[in-house]
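Results of the structural survey
This is what each chain is made of:
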Amino acid sequence: MEPLLRVEGLSLAFGGVKALDGVSFNARAGAITAMIGPNGAGKTTAINCISGAYRPQAGRVFFAGREVTGLAAHRLARLGLTRTFQNLQVFSQLSVLENVMVGLHAVTHQGFASAILRLPAMRREERAIAEQAMAALEDLGLAAVAHRPAGQLSYGDRKRLELARALAARPQMVLLDEPVAGLNAAETDAMGQALVRARDLGVGLVLVEHDMALVMKISDQVVVLSFGQKIAQGDPLQVQNDPQVLATYLGGRQEPVNGFAAGAGRGPAAGEAAHA
Amino acid sequence: MSGAEQLSQYLISGLTTGAVYALVALGFCLIYNTTHIVNFAQGDFLSLGGLLLYSLLAGAGLALPLAFALTVLGSALVGAALERLALRQARSREVTVLIFITVAASVFLRGVFKEVWGKQALAVPSFSPETPLRLLGATFTPQNLWVVGITLAAIAGLGWFFNRTLTGKAMRAVAINPRAAALMGIDVERMLLYSFALAGGLGGVAGMLITPITTASYTIGVIIGLKGFAAAVLGGYGSFMGAVVGGLGLGLLESLGAGLMSSAYKDVIAFVVLLLVLFLRPQGLLGRGEAARV
Amino acid sequence: MTRGGRIFALQLAALALGVLVMPLLVGNPYYLNVLNVMALMVIVVTGLNLLIGFAGHISLGHAAFFGLGAYISAVLSATYGLDPWLAMLAAALAVAGIALVIGLPTLRLAGNYLVMATLGANLIFTTVLLQLDQVTGGPSGFSGIPPLSLFGQAVVDDQSFYWLVWAAALLGLVVARNLAQSRVGRGLRALKDAPAAAAALGVDVARYKTSIFIISALYAGVAGSLYAHYFGIIAPKSFDIFVSVELVTMCLVGGMGSLWGGFLGAAFLTPLPQVLHVFDEYKDIFYGGVLLVLLIYQPQGLAGLWARLRARRPLETA
Ligand SMILES: Nc1ncnc2c1ncn2[C@@H]1O[C@H](COP(=O)(O)OP(=O)(O)OP(=O)(O)O)[C@@H](O)[C@H]1O
Ligand SMILES: [Mg+2]
């Protein structure tokens, strides 16, 4: 069966830095595909290229049976592909509820004319949007703060808000850029459960994460990037025992002279610390 | 006059105004690179240069070199004041607000200039006696040479400053990544102050060069400032080479356009070019496209 | 109706009441004239505020859109004998088209290129007005513009124009508020906050920004047409870049991005020159100084001050 997302030979260089160098992988609906790799491996760049934030210099992206390479982000959202951001991008001037209401933008329709004239159809749609957004907030335990400005939320709540916003429109696939970075153990656990619930509802998730425990626990498939290239792929167990993956993750720590610097730059634990 | 003579006439006047646009464009780039804002008061630095020079020469009777140096100093001080007294004090860090602080400063400065120097155009003498020179059939004054010569010297000086001096390198570091620069022990706030002072000084120089040709007045910088902006965009906003190329290119285009078509719409050419560039090649002629990092 | 909706309805009703009783209080037709100009400014600045508040972009060319509305209306009705209402419609269409041409290339770029593009457009506009004197009357202006007529009556005197222009201003406020409280308004506010996230959720950022810019220009264009048909004579000086700066000043003084900011700014600053006679001479220092102080210390303007005094959220979210 054709996978929901198919990425072929994605490449993008920033000046001399090959952030992505011929990366290919698939991600299925109703499954969690983790993408891991040391800091600077190109994970965020991959998400940016797939989601339409960047245009890849080479390679192709197929989503839901059609080629979407270079398609603008808002068009992809309408096809059911959305994302979250590593550096939080909540709409801080909007209320929490309104943030999630924007999450329903891709699946609603009332435009400028009906807004200006305040047509009944528009008001009906607004009510439906608000209800659905509220339900999405309840799903993630944010209903109590629905009317607070999003800028006032704690870091952990903002992370949850981003997920609620991305899932509100029931997309086919969400690209998640480090959803639990900086969260404590309890928050991480809750977020992990929310991800699993979404997957069980049939949403395809691409999970970029440095939290290996979480990745190994909930992923169906793991793709490993290093210096812009895919170095391994398989189920969590296979990847954990892959010699090349071990070398990439552990190699840096064994560096004798400059162990601290190499470890800080490369290790997953250090990655978390940097984002905390 | 033959066609060729006319052409060289246009080229010379185009290069002269182009050099001034380049200086203004450099001022825009300097401030943009360190603060990411467009400084609308850049043109007013130019007005100030001409007006100060007028007062120091005609009013105080100073010798030209001294008046020149004092004017550079004066406009650099006003640039520094804009940073220290206005932008630094702002409660909001929103770019829109910061840009509008420079717009407000521009309006305010213009009001002050009007009170101090009045509304009339003031004649500033040329830097040397106005014996017409001839080259390839074109007639021009020594002031044209001064404009081009001093502009070249200023560009060379900037190049030396940014590549050879510690302060210059520190300013470049701040432009590339302020956070990292601060971690390296660079005093970022001081570098911002320097870039405004430098931009003010450059504007002052541009004003002194052009006002013997155009006369000085409190509004002279408005249009020239905007054209300098157009030149900066044309070259690729933020690129120093681009500013120079864009300035000269715009000056030539304008003078040829006005000469060959109609001089009534001379001022329009720069802005039509600006809109076209934004439409077709927003990264400018020399700039590299860069996506916003998310 | 939501709480915010009720508050707006009350505020609007209060303003409408004020509009109704005002003519009883001012006997002097000169003051009526000031109020009429104020209403025109309320329209323009409310439109400008939509752009600033929603898209986070500033236009320094709104005087040109105001002028385009005025001149196109004038030329079509006076020179070509078109019905003033039709002339006004044609002017609005032209303004929308020109806003599209300016907005399309500049609004998809990061950074405030729109500021310069609009400023450049305003300069071009002034130059064209001065140069095309066969059509526009050049520096001395264009006169003999016929008035609008309503119910078979010409809207010529200050009193009847007062009703027309304040009705238009109130309508402009309602439209602005309707936009704010809608799916598109939410999308616009979102894209101002975090454009990448808004796009990832389906907001067509470039199209939305361009649309709100066009709507904003339309406010100015319509006000310009009203202005031309009211005064009967127009001149380039009323539409130059300095007027654009004044419009933005009104917007910032009133409150950037606040629904009532346009009204407050125009209401506060329009009468000032009439009150302060020495004002004209020191206009630049005054506008520049007020703007500087406000932007540095109170960037949310009068509306923000009001909201802070009442320790409530800014009006836009009310
Ligand atoms: N917009 C950009 N301009 C220049 N270089 C970039 C840009 N975005 C990413 N890079 C570079 O590309 C490389 C890959 O970066 P990317 O952000 O994709 O890494 P990552 O795998 O997401 O790392 P992390 O785990 O730290 O988030 C890095 O060397 C980074 O510095
Ligand atoms: Mg990343």
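Higher on the page you've got the structure.
The sections below set out a description of the structure shown in this document. Remember, predicted model here, so these are calculated numbers, not experimental data.

Each helix and strand counted, chain C has 15 helices and four strands in total. Against the globule reference of 20 Å for 318 residues, chain C gives a C-alpha radius of gyration of 19 Å, in line with a compact fold. The principal-axis extent of the C-alpha atoms belonging to chain C is close to 50 × 45 × 40 Å. Sorting the 318 residues of chain C into buried and exposed places 59% on the buried side. Of the contacts made within chain C by residues no fewer than 6 positions apart, 77% connect residues no fewer than 24 positions apart.

Further remarks concern the overall build of chain B. Broken down by element type, chain B carries eleven helices and two strands. Taken over C-alpha atoms, the radius of gyration comes to 19 Å for chain B, in line with the 19 Å a tight globule of 294 residues would show. Within chain B, the proportion of its 294 residues that are buried is 52%.

Let us now look at the site of ligand 1. In the neighbourhood of ligand 1, 14 residues make up the surrounding shell, with A:F14, A:A19, A:K43, A:T44 and A:T45 lying closest. Site remark: ligand 1 is flanked by residues from chains A and B. When contributions to the shell around ligand 1 are tallied by element, the ones reaching two or more residues are strand 2 (17-27) and helix 1 (43-50) of chain A. No other element matches the three residues that helix 1 of chain A contributes to the shell around ligand 1. Broken down by class, the residue content of the shell around ligand 1 amounts to four nonpolar, eight polar and two charged.

The residue C:I52 is located in helix 2 (residues 29-55) in this model. Contacts of C:I52, omitting those with residues within four sequence positions, involve C:H57, C:I58, C:C251, C:M256 and C:G257.

So, about the interface of chain C and chain B. If you look at the interface, chain C gives 34 residues, while chain B gives 37 residues. At the level of elements, helix 4 (84-107), helix 5 (113-131), helix 11 (241-254) and helix 14 (283-297) of chain C are the ones that each hand at least two residues to the side of chain C that touches chain B. Ranked by residue count, the leading element in the side of chain C that touches chain B is helix 5 of chain C, at eleven residues.

All names here are of chain A. Pairing of strand 1 (residues 5-14) with strand 4 (residues 58-63), which is carried by five bridges, proceeds in the antiparallel orientation. Pairing of V7 across the sheet is with V61, part of strand 4. Here strand 4 runs beside strand 5 (residues 66-67); their pairing, made up of two bridges, is antiparallel. By the bridge assignment for strand 5, F62 is matched with E67.

Now for helix 2 of chain C. Across its 27 residues, helix 2 of chain C extends 39 Å between first and last C-alpha, which sits within 8% of the 39 Å expected from 1.5 Å per residue. C:G56 lies just past helix 2 of chain C and shows a positive phi near 70 degrees.

This paragraph deals with the packing of helix 5 (residues 142-164) of chain B against helix 6 (residues 166-176) of chain B. Residue and element names in this part refer to chain B. Axis separation between helix 5 and helix 6 bottoms out at 5 Å; the angle between their running directions is 80 degrees. Put simply, helix 5 runs roughly perpendicular to helix 6. Residues F161, F162, N163 and R164 of helix 5 form the contact with helix 6, whose own contacting residues are G168, M171 and R172. Its residues assigned to classes, the contact of helix 5 with helix 6 shows three nonpolar, two polar and two charged.

For A:A64, which is not glycine, the phi torsion reads 50 degrees and is therefore positive. A:A64 sits in the partly exposed class, given 17 other C-beta atoms within 10 Å. Even without glycine at this site, B:T215 takes up a positive phi of about 75 degrees. Within the secondary structure, B:T215 is located in the loop between helix 8 (188-214) and helix 9 (220-235).

Residues and elements named next belong to chain A. Across the sheet, which stays open at both edges, the four strands sit in the order 2-1-4-5 with antiparallel pairing between neighbours. Looking at the sheet topology across the chains shown, the edges are occupied by strand 2 and strand 5. Sheet topology note: the strand 1/strand 2 ladder contains eight bridges and is antiparallel. Within strand 2, the position partnered with S11 by the bridge is D21.

Here we come to the environment of A:L137. Residue and element names in this part refer to chain A. You can see L137 is positioned in helix 5 (residues 120-139). The spacing of L137 and V100 is 37 residues in sequence and 7.6 Å in space, taken between C-alpha atoms. Once you skip the residues sitting within four places of it in the chain, L137 turns out to touch V96, L97, V100, L142, A143, A146 and A164.

Let us look at the environment of B:G118. Residue position: B:G118 is located in the loop between helix 4 (95-117) and strand 1 (133-135). Spatially, the C-alpha atoms of B:G118 and B:Y218 are 7.7 Å apart, while their sequence positions differ by 100 residues.

Here we take up helix 14 of chain C. The terminal C-alpha atoms of helix 14 of chain C, which comprises 15 residues, lie 21 Å apart, in line with the 21 Å expected from a rise of 1.5 Å per residue. Of all the positions in helix 14 of chain C, only C:D284, C:F286, C:Y287, C:G288, C:L291, C:L292, C:L294, C:L295 and C:I296 are classed as buried.

Reading the values: the criteria
- Residues numbered from 1 in each chain as written.
- Chains lettered and ligands numbered in written order.
- Predicted model: local features only at pLDDT ≥ 70, side-chain atom pairs only at ≥ 80, totals over all residues.
- Helix = DSSP H or I, 4+ residues; strand = E, 2+ residues; numbered from the N terminus.
- Rg over C-alpha atoms; globule rule 2.2 N^0.38 Å.
- Buried ≥ 20, exposed ≤ 12 C-beta atoms within 10 Å, placed from the backbone.
- Contact = placed C-beta atoms within 7 Å.
- Near = placed C-beta within 6 Å.
- Nonpolar A, V, L, I, M, F, W, Y, C, P; charged D, E, K, R; others polar.
- Pairing = 2+ DSSP bridges.
- Expected span 1.5 Å × (residues − 1).
- Axes fitted to C-alpha atoms, helices over the stretch in contact; angles between N-to-C directions.
- Parallel < 35°, antiparallel > 145°, perpendicular 65-115°, else oblique.

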